[in-house]
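# Summary of structural features
Take a look at the letters that make up each chain.
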Amino acid sequence: MTSEEGDSNAETRQSFSGQFEPGPVPPLTPVDKYGFIRSHPLSPPQEVSITRCQPFTERDREEERLRKWRKMIGVDGADWEQYVRRKPQVVKRRIRKGIPDCLRGLVWQLISGSRDLLLMNPGVYEQLVFYETSASELDIIRDISRTFPSHVFFQQRHGPGQISLYNVLKAYSVYDPDVGYVQGMGFLAGLLLLYMSEEDAFWLLVALLKGTVHAPLEGLYLVGLPLIQQYLFQFEHLVKEELPRLGTHLEEELINPSMYASQWFFTVFSYSFPFPLAVRIWDVFLAEGVKVIFRVGLALLRYCHDDLVKLPFEKLVHALRNFSENVLNPDILLPMAYSIKVSRRLEELRQEYLKTTTLAHQLQTVKSDNDMQPTRQKKGASLRVEALLSFRRVNRGRRRLARLNVRPKKFLRAIFR
């Protein structure tokens, strides 16, 4: 890059930042190791005593674990692909145990394929941020302060964290106008920004939504929320099969997964779950795909099963949205989740969902044609309609899908209230 180009880019950045007037710097407050403000801060003597009392064997074990990860990755990820090819089960096991926090950003880029996207598209992110405009800019600005408001990086109004988040979301809304910006995407981008630069976070978001390694997730945010409808259909059936007593109780209380599980899929547990659990889920999510969301969701319900089946409607909904702290221990919850096998059944349910939606579409087509035909043909068509209705309770599923299709924005506001 020439000095003139560098000066031009610097001016552009300065001009962009000038659109925002940074608010006052928040006062210094105690934070945890991830940067979130403590709700019940410990006094300094207590924190020191905890550090001093940490067993030497535990610290030694963490250092050994970090050494193994560095050897596995190599310098700046140079040895990663070779190690994955040679020892895939070792990599899988170590990822499930948790990626060391200091290496998490780099490893996430390696396992998601976003590093390759970055190298293949030099200058694209800068072009999207500084030289393009987005129809979603006002929506993004409105939602930014709602993303991780208790984290020091995002606390200052129009500070560095909020501007970085704005840049990533704006860039993606220009890059993929079919998706644009949808409420909830900020939690994905915000989580990534805590571990990597703006440009790295942008390309990881692209890798996720466009499906560089695993199935694309952009359907979560497209008009009508088609992928969330599929996931909720699959999850509801899995609950009935894996936890039949609870599934029956939920059905009797007229509670479906859209009332409690939607945000799990929209934000991959980053919206309202403890951060240490969320990043451990993300480790496995990026490596193994969306099936881990189903596994964790089922593990949550299994862990609380005996309590949930006793609760009436209002208390049940509250419990499904607010799990107790002892349930959310990653070292307890995640091994339980890994023991639940869902891959084959998820594919079967996906095929069943596609048949259901196809039949619903055929039903609508027959009904439209029926209105234009003579009475005799109308009677024959109605019989065909009845046959379609009886197949896999299509009409019931169609009504549920329609409820989600009516007002996606209203649906999202209810989730991220």
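Please read all numbers here as calculations on a predicted model, not as lab measurements. (Residues numbered from 1 in each chain as written. Predicted model: local features only at pLDDT ≥ 70, side-chain atom pairs only at ≥ 80, totals over all residues. Heavy atoms only, no water.)

Counting its regular elements, the protein contains 25 helices and zero strands. A buried classification covers 47% of the 417 residues belonging to the protein. The contacts of the protein with a sequence gap of at least 6 include a subset with a gap of at least 24, amounting to 75%. Counting only carbon and sulfur atoms, one obtains 54% of the accessible surface of the protein, whose full area is about 22,300 Å². (Helix = DSSP H or I, 4+ residues; strand = E, 2+ residues; numbered from the N terminus. Buried < 20%, exposed > 50% of the residue type's maximum accessible area, 1.4 Å probe, protein only. Contact = heavy atoms within 4.5 Å. Areas by Shrake-Rupley, 256 points an atom, 1.4 Å probe, with all protein chains shown as cover.)

Our focus in this paragraph is unusual backbone geometry. Positive phi, normally seen in glycine, also occurs at aspartate 76, with a value near 55°. Topologically, aspartate 76 is positioned in the loop between α3 (56-73) and α4 (80-86). What makes aspartate 76 exposed here is its relative accessible area of 53%. Here phenylalanine 269, not a glycine, exhibits a phi torsion of approximately 65°, which is positive. With respect to the helices, strands and loops of the structure, phenylalanine 269 is situated in the loop between α16 (262-267) and α17 (275-288). Given the relative accessible area of 0%, phenylalanine 269 is considered buried.

According to the stated counting rule, one finds 33 aromatic pairs in the structure shown. Pairing tyrosine 172 with tyrosine 175 gives two aromatic rings, centres 6.0 Å apart and planes at 45°, and the pair type is tilted. With a gap of three residues between them, tyrosine 172 and tyrosine 175 both fall in helix α11 (residues 160-175), about one helical turn apart. According to the relative accessible area criterion, tyrosine 172 is buried, its value standing at 0%. Residue class for tyrosine 175 comes out partly exposed when judged on its relative accessible area of 33%. Ring centres 5.9 Å apart and planes at 85° place the aromatic pair tyrosine 175 and tryptophan 203 in the edge-to-face group. Here tryptophan 203 lies in helix α13 (residues 198-210) and tyrosine 175 lies in helix α11, a separation of 28 residues in the sequence. Grouping aromatic residues by their ring pairs yields a cluster made of Tyr34, Phe36, Trp108, Phe148, Phe153, Phe154, Phe187, Tyr195, Tyr271, Phe275, Trp282 and Phe285. Over the ring of tyrosine 338 we find arginine 96, and its NZ or CZ is 4.4 Å from the ring centre. (Phe/Tyr/Trp six-rings, centres within 6.5 Å; stacked < 30°, edge-to-face > 60°. Lys NZ or Arg CZ within 6 Å of the ring centre and 35° of its normal.)

Tracing the backbone through its elements, the reader meets glycine 289 in the loop between α17 and α18 (291-303). Between the alpha carbons of glycine 289 and alanine 215 there is a distance of 7.5 Å; along the sequence they are 74 residues apart. Residue contacts for glycine 289: discarding those within four places in its chain leaves His214 and Val284.

Attention now moves to the packing of helix α12 (residues 185-193) against α13. Taken N-terminus to C-terminus, the directions of α12 and α13 make an angle of 135°; their axes are 9 Å apart at the nearest point. One way to sum up the angle between α12 and α13 is to call them oblique. As α12 packs across α13, the resulting crossing turns out to be right-handed. In this structure, α12 contributes Met185, Leu188, Leu192 and Leu193 to the contact, and α13 contributes Glu198, Ala201, Leu204, Leu205 and Leu209. For the contact of α12 with α13, the per-class residue count stands at eight nonpolar, no polar and one charged. (Axes fitted to C-alpha atoms, helices over the stretch in contact; angles between N-to-C directions. Parallel < 35°, antiparallel > 145°, perpendicular 65-115°, else oblique. Left-handed = near helix turned anticlockwise from the far one by under 90°. Nonpolar A, V, L, I, M, F, W, Y, C, P; charged D, E, K, R; others polar.)

Another point: the packing of α12 against α17. At a minimum axis distance of 12 Å, the contact between α12 and α17 shows a crossing angle of 90°. As judged from the angle between their axes, α12 and α17 are roughly perpendicular. Packed against α12, whose contacting residues are Leu188, Leu191 and Leu192, the element α17 presents Phe275, Val279 and Trp282 at the interface. Within the contact of α12 with α17, the residues separate by chemical class into six nonpolar, no polar and no charged.

Close reading of the predicted structure is inappropriate where its pLDDT is low. Counting all residues, the mean pLDDT for the protein is 84, and 76% of those residues have values of 70 or more. Across residues 381-395 the pLDDT falls below 50, and counting only partners more than four positions away or on other chains, this stretch makes 21 contacts in the model. (pLDDT = per-residue confidence, 0-100.)

Another point: the pattern of salt bridges. Evaluation of the coordinates by the stated rule reveals 19 salt bridges. As a salt-bridge pair, glutamate 81 and arginine 85 come within 4.0 Å of each other at their nearest N and O atoms. Within this pair, glutamate 81 and its partner arginine 85 are both found in helix α4, separated by four residues, close to a single helical turn. On the basis of relative accessibility, which here comes to 62%, the residue arginine 85 falls in the exposed class. Here glutamate 218 and lysine 210 are joined by a salt bridge, their closest N and O atoms 2.9 Å apart. On the accessibility criterion, glutamate 218 (21% relative accessible area) is partly exposed. Overlapping salt bridges bring together Asp139, Arg142, Asp143 and Arg146 as one network. (Salt bridge = Lys/Arg side-chain N within 4 Å of Asp/Glu carboxyl O.)

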